[in-house]
Amino acid sequence: MNVLGIDIGGTKIAVCLANDKGEILGSARFPSTSRYEDALANIAFLARDLASKQGITLQQVDACGISAPGPLDLTRGMLLRSPNMPWGDQIPIQADLEKALGIPAILENDANAGALAEWFFGSGKGKKNVVYLTMSTGVGAGVVADGHLLHGVGGNAGEMGHIILDIHGPLCNCGMRGCLEAYTGGRAIQQRMQAYLKDKPNHAFFRLPCVEGKVENLNFKALLEGVRERIPLALEWWDEFCLRLAQGVGAVATSFNPEVIVLGTTAYHSGDLLMEPLQRLLPRFMWKEYYTTCTVRTSALGLRIGELAGVSVGFYAMMEKGLWKPAQA
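If you're wondering where the values come from, they're calculated on a predicted model, not measured in any experiment.

1. Section: the packing of aromatic side chains
Within a pair of aromatic rings, the relevant descriptors are the distance that separates the centres and the angle that separates the planes. This structure, assessed with the given rule, holds 13 aromatic pairs. With a centroid separation of 6.4 Å and 55 degrees between ring planes, the pair formed by W119 and Y316 is classed as tilted. Of the two residues, W119 sits in helix α3 (residues 110-121) while Y316 sits in helix α11 (residues 305-320), which places them 197 residues apart along the sequence. Using a relative accessible area of 8% as the deciding quantity, one classes Y316 as buried. Following the ring pairs from residue to residue traces out a cluster consisting of W119, F120, F121, F315, Y316 and W324.

See below:
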């Protein structure tokens, strides 16, 4: 059984063909284009090319899953106006791809798609209650509860990046104060670093190789390198990052009582530098009953999650129809 996956982002679009074991049979990507029609044509061309290289036609592919940033209208299969996408509003991508490819297409937001990928093929494999925390530019979550994806009334369940940790905290890019994302989102960290250090050209941060003395290079990667180099300010900020993330993970555990909480990109790249202090802090923010039954892990898929996210949306749709069952751990 083979499924096509489309992962749509603000800077790139990935097209992937994979089987039901999560093995990537072929993939390709291209920069996001300003014209939707051009992107649609590129997706269709690459999809046919990937299928052809496997000796099959698109009609022999079982489904096409689409992972895209919100806001979305899942009922109508539409992309709404996203701050990171240039295509405008009310884009009927699900119907357009079904027409272009000749196979069923299913749309899902990228956090939920990532949760499905980790559930089927990654750190949540074999479990029934899994939460995936996206940790990149922003922070979101996909929630699998009792073996089903949780959507909520408007399809916006899982916006854990915008739980309020401190009503007097920093202003979040969403407009509220003290959100988890305001403390742990990549964009928020970049903004904080640049605002604080822009008038301090002699600070040790600017001597890091990844910064090269440029304010615009102050970002999460620079913070991570600063921690490794034991820069005092980096260590201070990192302590707060770990504390606030532990607070957020505790809220996730308390809200959903999952078996596994999977942490995405930021945690994957940070490794033990993050996970060791996080594990020490977690008992402060969740009852023992949660802490002893919930495992907090980094993504097992790593850089493959973008490709497998769209694929997993297709497999989930087939699972819900009784046409496919995920493998157990």
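2. Some details on the nonpolar core
Where a protein is soluble and globular, its nonpolar side chains tend to be buried together. Counting 47 residues, the largest nonpolar core has F205, L223 and L263 as the members making the most contacts within it. Listing elements by their share of this core, those giving two or more residues are β8 (130-135), β9 (139-145), α4 (180-184), α5 (186-197), α6 (220-228), α7 (232-256), β11 (260-263) and α9 (272-281). With residues up to four places along the chain from it excluded, the contact list for L263 reads Y132, L133, M135, L245, V249, M275, L278, V296, R297, T298 and S299. Of all hydrophobic cores here, the second largest spans 33 residues; its members include I43, L58, V61 and L101.

3. Focus: unusual backbone geometry
If you check the backbone angles, Q90 has positive phi at about 55 degrees while not being a glycine. Here N257, not a glycine, exhibits a phi torsion of approximately 50 degrees, which is positive. Under the relative-accessibility criterion, N257 is labelled partly exposed at 44%.

Conventions used here
- Residues numbered from 1 in each chain as written.
- Predicted model: local features only at pLDDT ≥ 70, side-chain atom pairs only at ≥ 80, totals over all residues.
- Heavy atoms only, no water.
- Phe/Tyr/Trp six-rings, centres within 6.5 Å; stacked < 30°, edge-to-face > 60°.
- Helix = DSSP H or I, 4+ residues; strand = E, 2+ residues; numbered from the N terminus.
- Buried < 20%, exposed > 50% of the residue type's maximum accessible area, 1.4 Å probe, protein only.
- Core = buried A, V, L, I, M, F, W, Y, C linked by side-chain atoms within 4.5 Å.
- Contact = heavy atoms within 4.5 Å.

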